[in-house]
Amino acid sequence: MLDKNAIGRSSPPTLNEVEKGSIRRFAEAIGDYNPIYYDEEYARASGFPTIVAPPTFPASFHSAADLRELLGVGIKSLLHAEQAFDYERPIFAGDRIMVSTKVADILEKPGPAGKMDVAVIEDEGRDEEGNLVFRARRTLVVRTSKELT
Amino acid sequence: MAREFKVGDTFRHVRECDKYRPLYYAGASGDFNPIHIDKEVGMMAGLGGNILQGLCTMAWAVEAAVNFVGDPGRITRAKVRFSKPVMVDDTITYEGRVASTEGGKLVMEISAKNQKGEEVLKNAVVEARVG
């Protein structure tokens, strides 16, 4: 059983610098060759200040959060069940985004083999002026030791 | 001229999870969980092999919506539930449908099925600003 006291635990904001090369590598990794992710002139001609990141690019951001520490369980015992991103604006090459992570909720849900422990983790990205850029919510299911052996 | 989107408009996108895809995605995202990159670990976990990162399956659903809308800068929200792991050599077919266009917001519902017709995502929704 996860400790409900973990709700509200958070990590300090960590700087993520959005580099063109990282955007290119991310787009290549998903096999998306839309020139808006690679070609600066094309991005400008499309009305953007510079190269844009694919919407799920925040998946590559790091935060100071250690889920084992925040939740008190091993990473390998967590299954990714749901994901949501909300965007205030697109993410651009050159952005400097502060990312922090918090435990938004811990709950029990009925599962195929009895009750499951579920943790909702929320990442928040803000620009250097403190304006919200995106929110990401991960729902993680804790696998029981039986499933792990 | 602004493009018109109507409720019921559809789009389709097909992606294959080739053998190296989980490795590429691990490199770009930093998600090196062994369950994604080590076949033996996936076998030991009872999954029959290594599985693709769910966020890559989601990235393709969002890509489908971006291609339809024509502009990644318009995407305001994306959410999915991972209902079945995507394995190496799976082919995922995404089928999207415009569910609503109210208030300058385009709501697209997307289904994602493997070659056996099994849903790998549920409740997948991408929203975009239009107009």
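Placed above this text is the structure.
It should be emphasised that the depicted structure is a prediction, and the values quoted were computed from it without experimental measurement.

Novice: A description of the packing of aromatic side chains should follow, citing residues and the corresponding values.
Specialist: Going through the model one piece at a time under the given rule, you end up with nine aromatic pairs over all chains. Their ring planes at 65 degrees and their centres at 5.3 Å tell us that Phe5 of chain B and Phe68 of chain B sit as a pair that is edge-to-face. Note that Phe5 of chain B is positioned in the segment before β1 (10-16) and Phe68 of chain B in helix α4 (residues 54-69), a separation of 63 residues in sequence. Pairwise contacts between aromatic rings join Phe26, Phe57, Phe61 and Phe134 of chain A together with Tyr25 of chain B into one cluster.

Novice: Account for α4 of chain B, with residues named and values stated.
Specialist: All names here are of chain B. In this model α4 runs 23 Å from its N-terminal to its C-terminal C-alpha over 16 residues, within 8% of the 22 Å that 1.5 Å per residue would give. α4 sits mainly inside the fold: 15 of its 16 residues count as buried. Where α4 terminates, the next one or two residues include Gly70, which has phi positive at roughly 95 degrees.

Novice: Help me get a handle on the pattern of salt bridges, residues and values and all.
Specialist: Residue and element names in this part refer to chain B. Taken as a whole and assessed by the stated rule, the structure comprises 18 salt bridges over all chains. Salt-bridge contacts for Lys6 lead to Asp9; the nearest nitrogen and oxygen are separated by 3.9 Å. We note a salt bridge from Arg21 to Asp18, for which the minimum N-O separation is 3.0 Å.

Novice: Give a description of the interface of chain B and chain A that names residues and reports values.
Specialist: On the side of chain A, 28 residues touch chain B, which itself brings 29 residues to the contact. Buried surface at the junction of chain B and chain A, summed over both partners, amounts to about 2400 Å²; 58% is from carbon and sulfur atoms. A salt bridge links Asp86 of chain A to Arg77 of chain B; the nearest nitrogen and oxygen atoms lie 2.7 Å apart. Residue assignment for the side of chain B that touches chain A shows that the elements contributing at least two residues are α1 (21-29), α2 (34-37), α4 and β2 (75-82) of chain B. Of the residues that constitute the side of chain B that touches chain A, the class distribution is 18 nonpolar, four polar and seven charged.

Novice: Provide a residue-level description of the environment of Ala6 of chain A, including the pertinent values.
Specialist: Residues and elements named next belong to chain A. Counting through the fold element by element, Ala6 comes out in the segment before β1 (14-17). When the C-alpha atoms of Ala6 and Ala119 are compared, they prove to be 9.5 Å apart, with 113 residues separating the residues in sequence. Contacts of Ala6, omitting those with residues within four sequence positions, involve Leu70, Val103 and Ile106.

Novice: Could you give me a rundown of the environment of Ser77 of chain A, with the residues and numbers involved?
Specialist: With respect to the secondary-structure elements, Ser77 of chain A resides in the loop between α3 (67-71) and β2 (78-87). C-alpha separation for the pair Ser77 of chain A and Pro13 of chain A, spaced 64 residues apart in sequence, amounts to 25 Å.

Novice: Report on the sheet that holds strand β4 (residues 114-126) of chain A, specifying residues and quantitative values.
Specialist: If you walk across this open sheet you meet the ten strands as β1(A)-β3(A)-β4(A)-β5(A)-β2(A)-β2(B)-β5(B)-β4(B)-β3(B)-β1(B), and the pairing is antiparallel. The open sheet has two free edges, formed respectively by β1 of chain A together with β1 of chain B, since each of these has just one partner strand. Sheet twist, expressed as the mean angle between neighbouring strand axes with direction ignored, is 25 degrees. Two elements, β2 of chain B and strand β5 (residues 119-129) of chain B, share six bridges in a ladder whose sense is antiparallel. Within the sheet, the bridge partner assigned to Phe82 of chain B lies in β5 of chain B and is Leu121 of chain B. Along the sheet face, α4 of chain B touches β2 of chain A together with β1, β2, β3 (91-100), β4 (105-113) and β5 of chain B and points at about 140 degrees away from the line of β1 of chain B.

Cut-offs used in this document
- Position numbers for residues count from 1 along each chain, tracking the sequence in the order it is written.
- By the order in which they are written, chains take letters starting at A while ligands take numbers starting at 1.
- Given that this is a predicted model, residues contribute local features only at a pLDDT of at least 70 and side-chain atom pairs are listed and counted only at 80 or more, while totals for whole chains, interfaces and linings are drawn from all residues.
- Note that the side-chain values use all heavy atoms of the structure and ignore hydrogens as well as water.
- For this analysis, a ring pair means two rings from Phe, Tyr or Trp (six-membered ring only for Trp) whose centres lie within 6.5 Å, classed as stacked if their planes differ by under 30 degrees, edge-to-face if by over 60, and tilted for the remaining angles.
- Every helix listed is a DSSP run of H or I at least four residues long, and every strand listed is a run of E at least two residues long, numbered separately from the N terminus.
- Here a helix's expected span is defined as the number of its residues, less one, multiplied by 1.5 Å.
- With a 1.4 Å probe rolled over the protein chains alone, any residue whose accessible area is under 20% of its type maximum counts as buried; one over 50% counts as exposed, and the rest are partly exposed.
- Every case where a carboxyl oxygen of Asp or Glu lies within 4 Å of a side-chain nitrogen of Lys or Arg is listed as a salt bridge.
- A contact between two residues is defined here by any heavy atoms of the two lying within 4.5 Å.
- Accessible area that two parts lose when put together, with a 1.4 Å probe and added across both, is what the buried area reports.
- Note that Gly is not counted as nonpolar here; it falls among the polar residues with everything else outside the nonpolar set of Ala, Val, Leu, Ile, Met, Phe, Trp, Tyr, Cys and Pro and the charged set of Asp, Glu, Lys and Arg.
- Following DSSP output, two strands are said to pair if at least two bridges run between them.
- Helix axes use the C-alpha atoms of the stretch in contact, all axes being lines fitted to C-alpha atoms, and the angles between their N-to-C directions lie in the range 0 to 180 degrees.

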